[in-house]
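# Topology and contacts: notes
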Amino acid sequence: MEKLLITGNGPLHGEVVMAGAKNAALPVIAASLLTADPLQISNVPGVRDIATAVELLQLLGCKVERQGTDMSLDASEITSLRAPYEMVKTMRGSILLLGPLLARFGEADISLPGGCAIGSRPVNAHIEALQMMGADITIDAGYIKAKASRLIGAHIAMDVPSVTATENIMMAASLADGTTVIENAAMEPEITDLGHLLTAMGASVEGAGSSHITIEGKKTLHGAQHRVPPDRIESGTFLVAAAATRSKITIRDTEPSFLGYVLAKLEAAGASLRTGEDWIEIDSRNRRPQAVNISTAPYPAFPTDMQAQFMALNAVAEGTATVAENIFENRFMHVAELQRMGAGIALQGHIAVVNGIERLQGAPVMATDLRASACLLIAAMAADGETTIDRIYHLDRGYANIEQKLASLGANIRRV
Ligand code: EPU
């Protein structure tokens, strides 16, 4: 199994280009099932989860062509409406096929994803919303079996603003009869982006990116061209890496407006930031980070997908901070690994109390999920000595060419 070997070697420097967002590309790829016309997508990130999504669509009969970061998807001849467990268990985002398949073909057979390393992650919100839209849904032998001759618009109130459930409802509603309104919708930039795509495909979507979304269904949708927006979590990860290693770097092809809360927390940690239209420069040279309290919440507040990276930052910061994880019940698996590197962290339920220490020590550690891997990478670069990170397939699910990018900034990092 591949591992990463990292030796902490001082500050990073230079410029690095950010990829398209995995969590924006996944719903865009799923939306290709809504039309018989081809969809042309650019800036698709070269990460494992996207490869899994492509394999899944090919299994359904979709034709996929890929050249670098450009992708063309043609769902004119779909031959299967089933997403098998073997694929869904490797990527929970597969649930995004439910809405589009049901809306266009009247049927879908999607494996239940089951639990995952960061929590139980139910999908009841997806199912209940589609039932309100007239779908007949049963759970049979671990599969969600959904049927609807034609979905109808509904007024849907979400108990929690789920990102992928909001996306599933938006896609299903675009081909439903009548108007669908989503209350307490998720407001992540990925939702706004999906709204743009669906509009370009001929749907009528208003309010995507706010808590109240209105979608008017159409009989058919057509093809479109779409550019995947920059990955805000990749961007945040590189910025935190710079702050933890007391570096000055510039990230390019990013979108500062997606990162307001995260940038404010980096400034609170003592970093100097400059931003342009599509770049962010961080300067933390000769500055030990200050401890910053973190409390995860739906966008626009602090993203759960950045919690682990800030845990690594706080581990080497001056002072004590609390890190509260409020979205997923088990997203602290990186804490035990950071403790192996000498970090001073005490867990009290969903809150971690982090006592920063001057230097972490390199150690063999194990990645447990995607963002936990990023946390360990940051800790390793800020540590004395050598760290090996095992199970880095988690990292490859969501970060494109991460070791090449970090090596280009001067990190001593190698895949073995
Ligand atoms: N929830 C329910 N019922 C549901 C769905 C969600 O109670 O039916 C709860 C969850 O248990 C959780 C909260 O709602 O407490 C929010 O979860 P959400 O459904 O928004 O998460 P998701 O849509 O499954 C997406 C991202 C995750 C990211 C979360 C939160 C994709 C493909 N995945 O997941 O990304 O952590 O939103 O922002 O967009 C990652 O990239 O590392 C990752 C895990």
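Above this text sits the structure in question.
Just so you know, these numbers come straight off a predicted model, no measurement behind them.

Conventions used here
Residues numbered from 1 in each chain as written. Predicted model: local features only at pLDDT ≥ 70, side-chain atom pairs only at ≥ 80, totals over all residues. Heavy atoms only, no water. Phe/Tyr/Trp six-rings, centres within 6.5 Å; stacked < 30°, edge-to-face > 60°. Helix = DSSP H or I, 4+ residues; strand = E, 2+ residues; numbered from the N terminus. Buried < 20%, exposed > 50% of the residue type's maximum accessible area, 1.4 Å probe, protein only. Near = heavy atom within 4 Å. Polar contact = N/O pair within 3.5 Å; in protein donor to acceptor, adjacent residues only side chain to side chain. Nonpolar A, V, L, I, M, F, W, Y, C, P; charged D, E, K, R; others polar. Pairing = 2+ DSSP bridges. Axes fitted to C-alpha atoms, helices over the stretch in contact; angles between N-to-C directions.

## Here we look at the packing of aromatic side chains
In the structure shown here, the tally under the stated rule is two aromatic pairs. When the centroid spacing of 6.3 Å and the interplanar angle of 75° are considered together, the rings of Tyr-261 and Phe-302 count as edge-to-face. With Tyr-261 in helix H9 (residues 260-268) and Phe-302 in the loop between strand E18 (294-295) and helix H10 (307-315), this residue pair connects regions lying 41 residues apart in the sequence. Given a relative accessible area of 37%, Tyr-261 falls into the partly exposed group. Relative to Phe-310, the ring of Phe-302 lies with its centre 5.1 Å away and its plane at 85°, an arrangement referred to as edge-to-face.

## As for the site of the ligand
Neighbouring the ligand are 20 residues, the closest being Ala-125, Ser-162, Thr-164, Asp-305 and Ile-327. Interatomic distance of 3.2 Å between a backbone N/O atom of Pro-122 and an oxygen atom of the ligand. In this structure, Arg-331 approaches the ligand through a side-chain N or O atom, which is 3.4 Å from an oxygen atom. Among the elements of the structure, helix H1 (22-31), helix H5 (124-132), helix H6 (163-174) and helix H12 (370-381) are those that each provide at least two residues to the shell around the ligand. The residue makeup of the shell around the ligand, split by class, is nine nonpolar, six polar and five charged.

## A short note on the sheet that holds strand E14 (residues 224-227)
In spatial order, the strands read E4-E5-E3-E14; together these four strands make up an open sheet with mixed pairing. The sheet terminates laterally at strand E4 (63-67) and E14, the two strands that pair on one side only. Within this sheet the neighbouring strands show an average axis-to-axis angle of 15°, counted without direction. Across five bridges, the pairing between E4 and strand E5 (residues 70-74) is antiparallel. Within the sheet, the bridge partner assigned to Lys-63 lies in E5 and is Asp-74.

## Describing the sheet that holds strand E2 (residues 13-17)
A sheet is described by the order of its strands in space; here four strands give the open sequence E2-E15-E17-E16, paired in mixed fashion. Edge positions in the open sheet fall to E2 and strand E16 (272-275), since each of these has one partner strand only. Sheet twist, expressed as the average angle between the axes of neighbouring strands with direction ignored, equals 15°. Taken together, the four bridges between E16 and strand E17 (residues 279-283) define a ladder with antiparallel strand orientation. Its bridge partner being in E17, Ser-272 is matched across the sheet by Asp-283.

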